[in-house]
Amino acid sequence: MATSNDIRKGLCIEYSNDIYKVIEFLHVKPGKGPAFVRTKLKSVTNGKVIDNTFSAGHKIDEVKVITRKFQYLYDDENGFHFMNNDDFSQLYINKEMIENSQFMKAGEEVTIILKEADETPLSAELPQSVYLDVIEADPGVKGNTATNALKNAIVETGARVMVPLFIEPGDRIKVNTEDGSYLERVKE
């Protein structure tokens, strides 16, 4: 049994008959009144995000989790299939459990969080950034270079990314998986 003082990003807790992962937290000590922890919690079962405030010293039920590296194999209409890199066993995860899955490509390594008690998958985390090939890009308009102008591009996974005007089809780019933003062009 943990307390609200143990809350940190990535912690999985049991709250109102569901398992939530802490995605943001802020310890607040106002000048008047007791301290509290303001949190943003994401349900690992349905992806719903809620805001909650815990008073200082509030008891919380921590869920013990383990993380393992899995390789993304393929997807079907219901979800994604992964392979454990250690014992080659396969695992299936619903589409709602993975945030920004449009940036996953076959062979990519993903960290999957499993409940320690029965090893059921809770969520999957993509790497911070991925390298993707640009398949299609809007033409750059001449004269739009005075500011940081962006254009639409479609990468090999089918995702849309806003890129600078100089990016052309065939270029390889680095993309932030959290917000889908362009980071840099990768030189081969």
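All of these numbers come straight from a predicted model, not from anything done at the bench.

### Quick look at the nonpolar core
Within the largest apolar cluster, 28 residues are counted, with the highest numbers of intra-cluster contacts made by Phe 82, Ile 112 and Ile 173. For this core, the secondary-structure elements that each account for two or more residues are β7 (65–75), β8 (79–84), β9 (90–94), β10 (109–115), β12 (129–137), β13 (150–155), β14 (160–164) and β15 (172–176). The element that contributes the greatest number of residues to this core is β12, accounting for four residues. Looking at which domains feed residues into this core, each of domain 2 (65–125) and domain 3 (129–185) supplies at least three. Setting aside its immediate chain neighbours within four residues, Phe 82 contacts Phe 70, Gln 71, Tyr 72, Leu 73, Ser 89, Gln 90, Leu 91, Ile 93, Ile 98, Met 104, Val 110 and Ile 112. Within the second largest apolar cluster, 11 residues are counted, among which are Ala 2, Tyr 20, Val 22 and Leu 41.

### Some remarks on the UniProt feature "domain: Translation elongation factor P/YeiP central" (unreviewed entry) in the chain
Per the UniProt annotation, the sites labelled "domain: Translation elongation factor P/YeiP central" (unreviewed entry) are residues 67–122. Along residues 67–122 one finds 0% helix and 52% strand; the C-alpha atoms at either end are 10 Å apart.

### Digging into the pairing of strand β3 (residues 18–28)
Across four bridges, the pairing between strand β2 (residues 12–15) and β3 is antiparallel. Across the sheet, residue Tyr 15 finds its bridge partner in β3, namely Asp 18. The hairpin turn running from β2 into β3, its antiparallel successor, is two residues long, and Ser 16 in that turn takes a positive phi close to 45 degrees. Inspection of the sheet shows β3 paired to strand β4 (residues 36–43) by eight bridges, in the antiparallel sense. When the sheet's bridge partners are listed, Val 28 is paired in β4 with Phe 36.

### Remarks on the sheet that holds β13
The five strands are arranged β14-β13-β12-β15-β16 in an open sheet whose pairing can be described as antiparallel. In this open sheet, the two edge strands, each paired with only one partner strand, are β14 and β16 (182–186). Along the sheet, successive strands turn relative to each other by an average axial angle of 50 degrees, direction set aside. The pairing of β15 with β16 spans four bridges and is classified as antiparallel. Looking at the pairing, Ile 173 lines up with Arg 185 of β16.

Criteria and cut-off values
- Residues numbered from 1 in each chain as written.
- Predicted model: local features only at pLDDT ≥ 70, side-chain atom pairs only at ≥ 80, totals over all residues.
- Heavy atoms only, no water.
- Core = buried A, V, L, I, M, F, W, Y, C linked by side-chain atoms within 4.5 Å.
- Buried < 20%, exposed > 50% of the residue type's maximum accessible area, 1.4 Å probe, protein only.
- Helix = DSSP H or I, 4+ residues; strand = E, 2+ residues; numbered from the N terminus.
- Domains from an automatic or database assignment.
- Contact = heavy atoms within 4.5 Å.
- UniProt positions renumbered as here; feature names shortened; annotations may be inferred.
- Pairing = 2+ DSSP bridges.
- Axes fitted to C-alpha atoms, helices over the stretch in contact; angles between N-to-C directions.

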